[in-house]
Amino acid sequence: MATTRIDLDGRPIKPITICMIGAGGFIGSHLCEKLMSETPHKVLALDVYNDKIKHLLEPDSLPWAARIHFHRLNIKHDSRLEGLIKMADLTINLAAICTPADYNTRPLDTIYSNFIDALPVVKYCSENNKRLIHFSTCEVYGKTIQSFLPKDSPLRQDPACYVLKEDISPCIFGSIEKQRWSYACAKQLIERLIYAEGAENGLEFTIVRPFNWIGPRMDFIPGIDGPSEGVPRVLACFSNNLLRREPLKLVDGGQSQRTFVYIKDAIEAVLLMIENPDRANGHIFNVGNPNNEVTVRQLAEMMTKVYTKVSGEAALESPTIDVSSKEFYGEGYDDSDKRIPDMSIINKQLGWNPKTSLWDLLESTLTYQHRTYAEAIKKAMVKPTAS
Ligand SMILES: NC(=O)c1ccc[n+]([C@@H]2O[C@H](COP(=O)([O-])OP(=O)(O)OC[C@H]3O[C@@H](n4cnc5c(N)ncnc54)[C@H](O)[C@@H]3O)[C@@H](O)[C@H]2O)c1
Ligand SMILES: O=c1ccn([C@@H]2O[C@H](COP(=O)(O)OP(=O)(O)O[C@H]3OC[C@@H](O)[C@H](O)[C@H]3O)[C@@H](O)[C@H]2O)c(=O)[nH]1
């Protein structure tokens, strides 16, 4: 790194050490990649797995080998955690159970993972005066006000009823029986705790609310690099269906809306937070792409078209199939109806804007999925009949 990096206020950026918890996951792997290839910062990478960052850890001859160290540990029960936080200037906490299929079927694990297990991290940062960037979620907004309005209400057109704004929008969850909201509720409470640590004890914090970040290495392909009965997030579910030439399953008609942002755009935002503490501390940031909104049905249609382009295989005659949420996720599932992030706070503080269109991000992601999994899936699919 020959040239000195400059922050948004024109000051040179000092190299720091980052304790990254959950570094082996989807977001962690991209963040480690960025930090190693473009910055002089050091990373203490903590996770139970390291498959997604193996390419950054081996061989020893990699140019950044001395700047990244992997520590295999479970933060639920490992006395090394406080020492590692103390060794670093900044802690980034990404560790969580964050797949919707778990929220209503493993609500205890979900609540423990997203609230209880994060408590010591917040406490150690606060007690040792260490800065914390904590990953929350857009799910803390829950459902929109719009979803409760009568179909013919003119208020439905008012952005205040559906655009989600960090300092104004309420958090609207379903009833307790709708265990889907166990995740969002645990994330909301840890956000409140971090905010209170800031207010009462001076903790320097930034809270990130990702809005459906997607790209290569997200989750797993069932039966290939994850459990065959597992249900990952929608990008991996639909990729799996396309790779296996099965119809894409639309839960409750695929009417829910999402905005998707390319992981590489989103990582730029996180790097700005890391390197501009004066502008990021004390803030909660939406990080998403309001221009990439689709219904899940439209996402399925677009992924089908893109996959035909990148694989050269014609689409199925009936590319999608409807399934009920009860059948797909089980009892207690519920959904966010619509998620458009307001971008004014991140724009003002960090000058960040997403760049990549949904078509382009799907094209690069599905090219990766095809290259990585097509052969393995073909082999796995012929096995049962061959034996
Ligand atoms: N990807 C998104 O669009 C998105 C959206 C909203 C919120 N988030 C949040 O961002 C964070 C990272 O998400 P991701 O998409 O990279 O998920 P991920 O599941 O790929 O990564 C999480 C990582 O944390 C690790 N982990 C979990 N519990 C741990 C423990 N007890 N000890 C050590 N490691 C542990 C996992 O092994 C995994 O590698 C999560 O907090 C999630 O809630 C992500
Ligand atoms: O095969 C599928 C999978 C999913 N879906 C639907 O696609 C939509 C998106 O589902 P995802 O699995 O990506 O998850 P969600 O967007 O609901 O939640 C996610 O959002 C933010 C993060 O906190 C978490 O990563 C996760 O909770 C949902 O409406 C879901 O019902 C399908 O229609 N078919």
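One numbering rule holds for all chains: residues counted from 1, following each sequence as written. Here chains are named by letter from A upward and ligands by number from 1 upward, in the order in which they appear as written. For a predicted model such as this one, the threshold for reporting local features is a pLDDT of at least 70, and the threshold for listing and counting side-chain atom pairs is 80 or more; totals across whole chains, interfaces and linings nevertheless cover every residue. The side-chain figures draw on all heavy atoms in the structure; neither hydrogens nor water molecules are used.

Okay, the overall build of the protein next. Looking only at helices and strands, one finds 14 helices and 15 strands in the protein. The globule rule puts the C-alpha radius of gyration for 387 residues at 21 Å, and the 21 Å found for the protein is close to it. The burial tally for the protein puts 53% of its 387 residues in the buried class. Working rule for contacts: check all heavy atoms of both residues, and any pair within 4.5 Å makes them a contact. Partitioning the intrachain contacts of the protein with sequence separation of at least 6 by distance along the chain shows that 80% fall at a separation of at least 24. Counting every atom, the protein has about 17800 Å² of accessible surface; 53% of that belongs to carbon and sulfur. For the protein, the distance from the average site of its 45 positive side-chain charges to the average site of its 48 negative ones is 3 Å. Runs of H or I in DSSP of at least four residues are treated as helices and runs of E of at least two as strands, each being numbered from the N terminus. Radius of gyration here is computed from C-alpha atoms only, and the compact-globule reference equals 2.2 Å multiplied by the residue count raised to the power 0.38. Throughout, exposure labels follow a simple rule: accessible area from a 1.4 Å probe, protein chains only, divided by the maximum for the residue type, with under 20% read as buried, over 50% as exposed, and the rest as partly exposed. Areas reported here follow the Shrake-Rupley algorithm with a probe of radius 1.4 Å; residue values treat only the protein chains shown as occluding. Under the convention used here, Asp and Glu are negative, Lys and Arg are positive, and both His and the chain ends fall outside the count. Every charge is mapped to an atom, namely NZ of Lys, CZ of Arg, CG of Asp or CD of Glu.

With that out of the way, let us pick up the site of ligand 1. Whether a residue is near a molecule or strand is decided by its heavy atoms; if any one of them lies within 4 Å of it, the residue is near. Around ligand 1, the surrounding shell holds 25 residues, and the nearest of these are Phe 26, Asp 47, Asn 74, Tyr 183 and Trp 213. Polar contacts, as counted here, are pairs of nitrogen or oxygen atoms within 3.5 Å of one another; within protein the pair requires one atom able to donate a hydrogen and one able to accept it, and residues that are adjacent in sequence qualify only if both atoms are side-chain atoms. One nitrogen or oxygen atom from the main chain of Leu 94 is found 3.1 Å from an oxygen atom belonging to ligand 1. Interatomic distance of 2.9 Å between a side-chain N/O atom of Lys 187 and an oxygen atom of ligand 1. Looking at the shell around ligand 1, the elements that each hand over two or more residues are α1 (26-38) and α7 (181-201). Amino acids are sorted into nonpolar (Ala, Val, Leu, Ile, Met, Phe, Trp, Tyr, Cys and Pro), charged (Asp, Glu, Lys and Arg) and polar (every other residue, Gly among them). Classifying every residue of the shell around ligand 1 gives 15 nonpolar, seven polar and three charged.

Right, let's get into the site of ligand 2. Near ligand 2, the surroundings consist of 24 residues, among which Tyr 103, Thr 137, Glu 139, Tyr 183 and Asp 335 are the closest. The separation between an oxygen atom of ligand 2 and a polar side-chain atom of Arg 180 is 3.1 Å. Between ligand 2 and Tyr 333, the relevant distance is 2.8 Å, taken from an oxygen atom to a side-chain nitrogen or oxygen of the residue. Protein contacts shield 96% of the accessible area of ligand 2, which totals 670 Å² for the unbound molecule.

Attention now goes to the packing of aromatic side chains. Only rings of Phe, Tyr and Trp enter the pairing, Trp through its six-membered ring, and a pair is recorded when the two centres are within 6.5 Å. The plane angle decides the type: under 30 degrees is stacked, over 60 is edge-to-face, the rest tilted. Tallied over the full model, the rule gives seven aromatic pairs. Aromatic pair Phe 173 and Trp 181: ring centres 5.6 Å apart, planes at 10 degrees, arrangement stacked. Each member of the aromatic cluster is reached from another via a ring pair, and the members are Phe 328, Tyr 329 and Tyr 333. Each ring is checked for a lysine NZ or an arginine CZ that lies within 6 Å of its centre and within 35 degrees of its normal; such an atom marks a charge sitting over the ring. Positioned above the aromatic ring of Tyr 141 is the side chain of Arg 209, whose terminal nitrogen or guanidinium carbon lies 4.8 Å from the ring centre.

On to the sheet that holds strand β4 (residues 90-93), then. Sheet strands pair by backbone hydrogen bonding; their relative direction is either parallel or antiparallel. Pairing between two strands is assigned when DSSP locates at least 2 bridges connecting them. Sheet architecture is open: seven strands sit in the order β3-β2-β1-β4-β5-β7-β12, paired in parallel fashion. Each edge of the open sheet is held by one strand with a lone partner, namely β3 (68-72) and β12 (283-287). Between one strand axis and the next, the sheet turns through 15 degrees on average, direction left out of account. For β4 and strand β5 (residues 131-135), the ladder comprises four bridges, and the chain directions are parallel. Axis definition: a line fitted to C-alpha atoms, limited for helices to the stretch in contact. Angles are taken between N-to-C directions and run from 0 to 180 degrees.

What follows concerns helix α6 (residues 119-127). The set of residues buried in α6 consists of Val 121, Val 122, Tyr 124, Cys 125 and Ser 126. For α6, the elements touching its buried residues are β1 (17-21), α3 (80-87), β4, β5 and α7. Positive phi shows up at Asn 129, right after α6, with a value of about 50 degrees.

The next thing to look at is the UniProt feature "domain: NAD-dependent epimerase/dehydratase" (unreviewed entry) in the protein. UniProt positions are given in the numbering used here, feature names are shortened, and annotations may be inferred rather than shown by experiment. The UniProt record annotates "domain: NAD-dependent epimerase/dehydratase" (unreviewed entry) at residues 18-288. The distance separating the terminal C-alpha atoms of residues 18-288 is 24 Å; by composition the span is 35% helix and 18% strand.

It is worth spelling out the nonpolar core at this point. One finds Met 20, Ile 92, Trp 213, Met 273, Ile 274 and Val 287 to be the most contacted residues of the largest nonpolar core, which totals 68 residues. In terms of residue count, the dominant contributor to this core is helix α9 (residues 263-275) (eight residues). With sequence-adjacent residues up to four places away left out, Met 20 is seen in contact with Gly 28, Leu 31, Cys 32, Leu 35, Val 43, Leu 44, Ala 45, Leu 46, Ile 92 and Leu 94. With 24 residues, the next largest nonpolar core counts Ile 75, Ile 85, Val 121 and Tyr 124 among its residues. Think of a nonpolar core as a cluster: buried Ala, Val, Leu, Ile, Met, Phe, Trp, Tyr and Cys residues, connected wherever their side-chain atoms sit within 4.5 Å.

Turning next to the confidence of the model for the protein. Values of pLDDT, ranging from 0 to 100, describe the predictor's confidence in every residue of the model. Across the protein, the average pLDDT comes to 97, with 98% of residues at 70 or higher. We note a pTM of 0.98 for the whole complex and an ipTM of 0.99 for its interfaces.

Right, let's get into the environment of Leu 81. Mapped onto the secondary structure, Leu 81 falls in helix α3. Residue classification places Leu 81 among the buried residues on the basis of a relative accessible area of 1%. Measuring from C-alpha to C-alpha, the distance between Leu 81 and Cys 19 comes to 9.5 Å, with 62 residues separating the pair along the chain. Once residues within four sequence positions are removed from consideration, Leu 81 is found in contact with Ile 21, Leu 46, Ile 75, Pro 120, Val 121 and Tyr 124.

This next bit is on the state of the cysteines. In what follows, a disulfide is any cysteine sulfur pair within 2.5 Å. Taken as a whole and assessed by the stated rule, the structure comprises zero disulfides. The thiol sulfur of Cys 185 is not disulfide-bonded, and the nearest other cysteine sulfur, from Cys 171, lies at 9.5 Å. With relative accessibility at 42%, the residue Cys 185 sits in the partly exposed group.

Our next topic: α9. One turn of the α-helix equals 3.6 residues, which is why residues spaced by three or four share an orientation. For a helix, the expected span equals 1.5 Å multiplied by the residue count minus one. Helix length check: α9 (13 residues) gives 18 Å between terminal C-alpha atoms against 18 Å at 1.5 Å per residue, within 8%. What α9 keeps buried is the set Ile 263, Asp 265, Ala 266, Ile 267, Ala 269, Val 270, Leu 271, Met 273, Ile 274 and Glu 275.

A word on the side chain of Ser 311. Relative to the elements of secondary structure, Ser 311 occurs in helix α11 (residues 296-311). A polar side-chain atom of Ser 311 sits 3.1 Å from the main-chain amide nitrogen of Glu 313.

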